[in-house]
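Each chain, written out:
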Amino acid sequence: MEPQRNSQMLQNLYAVGPEARFQSMSAPLVVHDGVWTAYDRNQIPDVDETVSNLFSSLNISSSSNFHCRNIIPPVGYDGGVTGAGTGSPIGAGEGSGRHPFRAGIRSSYYTRGGQTSGLTVDPQRNYYPLWRNREVGVGSVGFDQMFDFDQSFDLLSKEHIYNPYNVSRSVNVSVLCLKELRGKVYALAKDQNGCRLLQAKFENPSDEEVEFVLYEVLEYISELMKDQFGNYLIQKLITVCNDDHKLRMLLSLTDVPVEMVLVCMNPHGTRAMQKLLENLTDPYHIALAMAALRPGAARLASDPNGHHVIQYCLIHFPSDVIEPILNEIADKCYEVATDRSGCCVLQACMEHSHGKVRNRLVAEILGNAVVLAEDPYGNYVLQHMVGLKVPEFTARLVRQLQGNFASLSCNKYASNVVEKCLNESGEDISRQIVMELITCSNPALLLIDPYANFVIQSALTVSTGHVYNYLLELISDNMSSMRTNLYGKKILSWFEKRRILAI
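Each value, and the rule that gives it
- Residues numbered from 1 in each chain as written.
- Predicted model: local features only at pLDDT ≥ 70, side-chain atom pairs only at ≥ 80, totals over all residues.
- Heavy atoms only, no water.
- Helix = DSSP H or I, 4+ residues; strand = E, 2+ residues; numbered from the N terminus.
- Buried < 20%, exposed > 50% of the residue type's maximum accessible area, 1.4 Å probe, protein only.
- Contact = heavy atoms within 4.5 Å.
- Polar contact = N/O pair within 3.5 Å; in protein donor to acceptor, adjacent residues only side chain to side chain.
- Patch = residues over 30% accessible without salt bridge, like charges linked within 9 Å, V, L, I, M, F, W, Y side chains within 5 Å.
- Areas by Shrake-Rupley, 256 points an atom, 1.4 Å probe, with all protein chains shown as cover.
- Salt bridge = Lys/Arg side-chain N within 4 Å of Asp/Glu carboxyl O.
- Phe/Tyr/Trp six-rings, centres within 6.5 Å; stacked < 30°, edge-to-face > 60°.
- Axes fitted to C-alpha atoms, helices over the stretch in contact; angles between N-to-C directions.
- Parallel < 35°, antiparallel > 145°, perpendicular 65-115°, else oblique.
- Left-handed = near helix turned anticlockwise from the far one by under 90°.
- Nonpolar A, V, L, I, M, F, W, Y, C, P; charged D, E, K, R; others polar.
- Disulfide = S-S within 2.5 Å.
- pLDDT = per-residue confidence, 0-100.

### A closer look at the overall build of the protein
Item 1. Along its length, the protein carries 31 helices and six strands.
Item 2. Taken over 503 residues, the protein has a buried fraction of 44%.
Item 3. Excluding contacts between residues fewer than 6 apart, the proportion of contacts in the protein whose partners are at least 24 apart in sequence is 66%.

What follows is the structure in structure tokens.
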């Protein structure tokens, strides 16, 4: 479309009828290359009366079945704008009309008497209809009640529809005090900028401000602890709360039995929960938290997020306080030990427990020692037990594995356990293990096995006296096969290194 002056455009749009009075108006529209870019509010005289009289003359009634929110195209409608014809939502002889401000509609037309003309609307601009937010009665302007033209959902811009703070956009939230945010703290806490704003106001809060924020979030504390932004506000709140506030938090979290466990299993909630545990000083509060965690302790120990909470409890709380958690983990020791996260928790359990509960844990582990030794994660639990350097535990483990050292040495994971026993169990136990390896049904296979060759090298390192001589004799008898085998060569290279070091 060639550029036109406003008066020419308006003449095409409103050529006949009572709307012709627009031609005498000074043009308020600014049109460039056929695109409506702006309008001058100061040049619009008596807009409400003029626009109202215009639409009242269009013969729009309830029989037209016309509604701005849902326009059903007539039969045969091809997406364009036509003049008078059957199926038009406007009365006979009238042109069809399309909502000028509906989202997704790029152009607006108002034609009469079979005339067709268009006014292109720039989709990149926000247009505010002249009648927005008008308190206009139906009877006073002649609008049909079915023609619900002032639809806020259709006419308001996005910034007016979405307001997460429920605060007027004209108000600067950052300058408001906490009390002026009553009823809005929850929404602010779940917004990135809102959460930062609340934390900034918590640098030196008064007791009254702490009480106010706690009251606002207490009902939603578990949800906020799991929120990607809200958890930071809860952590900040925990650091400034007194013991009474922390007790109220715990009671809210333990109101639903599994709620505290679910918070710990959340990637954001686990951090907030650790912060809460870190700031608990009252023995009753700690006992209350342990009682709430106990039913899900085994599940948390095996959870990628929850195991951090359990390990925090094991490291920072006394053994008698965490005993309920330890007993729960001991009941499901095998499941925990064979889990990637659980094996780390079980190692911490052995290290930080004492007395009867520790003996129970060790007994449960030793009862599954052979299976755990061959497990990708369970083998670390057995290695850690040996690394504790408690002679009783190591002796009991060796007795449990006795008769299986040869087969375990050929296993990818269990071979590490055998090596650990050889290197850290003492001379008597290591001698017992080496003699079992030498006297097994086929010791020559150990010399060329991908994993057992490392066990033999460790045996050569710790052996002395006649046990060492037995190993040398075994290697000498199988020298020819070892020279042609990749793993046998590794054992022979061990002798070469020792010879070079001895020079």
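Past the structure itself, the notes keep going.
### Some thoughts on the side chain of S222
Item 1. By the secondary structure assignment, S222 is in helix α9 (residues 221-225).
Item 2. When its relative accessible area of 17% is taken as the criterion, S222 is described as buried.
Item 3. Within polar-contact distance, the side chain of S222 engages the side chain of E259 at 3.3 Å.
Item 4. Sequence-distant contacts of S222, defined by excluding residues within four places in its chain, comprise L253, E259 and V263.

### Points about helix α8 (residues 207-217)
Item 1. Buried residues of α8: V210, F212, V213, L214, E216 and V217, and no others.
Item 2. On its buried side, α8 packs onto α6 (185-189), α9, α10 (230-240) and α11 (243-253).

### Structural notes on a nonpolar patch on the surface
Item 1. A cluster of nonpolar residues, V256, V258 and L262, forms a patch on the protein surface that exposes about 240 Å² of accessible area.
Item 2. Here V256 is to be found in the loop between α11 and α12 (259-264).
Item 3. A residue is classified by how much of its surface remains accessible, and V256, at 41% relative accessible area, is partly exposed.

### A look at unusual backbone geometry
Glycine aside, residues mostly have negative phi, and peptide bonds are mostly found in the trans state.
Item 1. The phi torsion at K389 lies on the positive side, around 55°, for a residue other than glycine.
Item 2. By the element assignment, K389 lies in the loop between α22 (378-387) and α23 (391-401).
Item 3. Given a relative accessible area of 56%, K389 falls into the exposed group.

### Some thoughts on the environment of P450
Item 1. Mapped onto the secondary structure, P450 falls in the loop between α27 (444-447) and α28 (452-462).
Item 2. In the structure, P450 is positioned 37 residues away from Y487 in sequence and 5.9 Å away in space, judged by C-alpha atoms.

### A closer look at α28
Item 1. For α28, a buried count of eight out of 11 residues is recorded, marking the element as mostly surrounded by other parts of the structure.
Item 2. Burial in α28 covers these residues: A452, N453, V455, I456, Q457, S458, A459 and L460.

### A closer look at the pattern of salt bridges
Item 1. For the structure on display, the rule yields 12 salt bridges.
Item 2. Residue K236 pairs with E203 through a salt bridge whose shortest N-O separation is 3.8 Å. Here K236 is found in helix α10, whereas its partner E203 is found in the loop between α7 (192-200) and α8, with 33 residues between them in sequence.
Item 3. E203 sits in the exposed class, given a relative accessible area of 52%.

### Digging into the packing of aromatic side chains
Item 1. If you walk through the whole model with that rule in mind, you get three aromatic pairs.
Item 2. When the centroid spacing of 6.3 Å and the interplanar angle of 85° are considered together, the rings of Y312 and F317 count as edge-to-face.
Item 3. When its relative accessible area of 15% is taken as the criterion, Y312 is described as buried.
Item 4. Assessed through its relative accessible area of 10%, F317 is described here as buried.
Item 5. Seen in terms of ring centroids, W494 and F495 are 5.1 Å apart; in terms of plane orientation they differ by 90°. Their pairing is edge-to-face.
Item 6. W494 sits in the buried class, given a relative accessible area of 12%.

### Let's talk about the packing of helix α19 (residues 342-352) against α22
Item 1. The contact between α19 and α22 brings their axes to 9 Å, and the two run at 20°. In this view, α19 runs roughly parallel relative to α22, as classed from their interaxial angle. Crossing hand, α19 versus α22: right-handed. Packed against α19, whose contacting residues are C343, L346, Q347, M350 and E351, the element α22 presents Y380, V381, H384 and M385 at the interface.

### What to know about the side chain of S415
Item 1. For S415, the position within the fold is in helix α25 (residues 414-424).
Item 2. Judged by relative accessible area, S415 falls into the buried class, the value being 4%.
Item 3. Excluding anything up to four places from it in sequence, S415 contacts L408, S409, Y451 and V455.

### Quick look at the packing of α8 against α11
Item 1. Relative orientation of the contacting elements α8 and α11 amounts to 5°, with a least axis distance of 11 Å. By the angle between their axes, α8 is roughly parallel relative to α11. Touching V210, E211 and L214 of α8 are H245, R248 and M249, all from α11.
Item 2. Within the contact of α8 with α11, the residues separate by chemical class into three nonpolar, one polar and two charged.

### A look at the environment of Y380
Item 1. Topologically, Y380 is positioned in helix α22.
Item 2. Taking the C-alpha atoms as reference points, Y380 and Q347, separated by 33 residues in sequence, lie 8.2 Å from one another.

### Considerations on the state of the cysteines
Item 1. Applying the stated rule across the entire model yields zero disulfides.
Item 2. Lacking any disulfide linkage, C333 is separated from the closest cysteine sulfur, that of C349, by 8.7 Å.
Item 3. The exposure class assigned to C349 is buried, which follows from its relative accessible area of 1%.

### Some details on the confidence of the model for the protein
Item 1. Taken residue by residue, the protein gives an average pLDDT of 76. The fraction at 70 or more is 64%.
Item 2. Under a pLDDT of 50 for its full length, residues 1-31 has, in the predicted model, 51 contacts with residues more than four places off or in other chains.
Item 3. Here residues 79-171 scores under 50 on pLDDT; set against residues more than four positions off or in separate chains, the count is 163 contacts.

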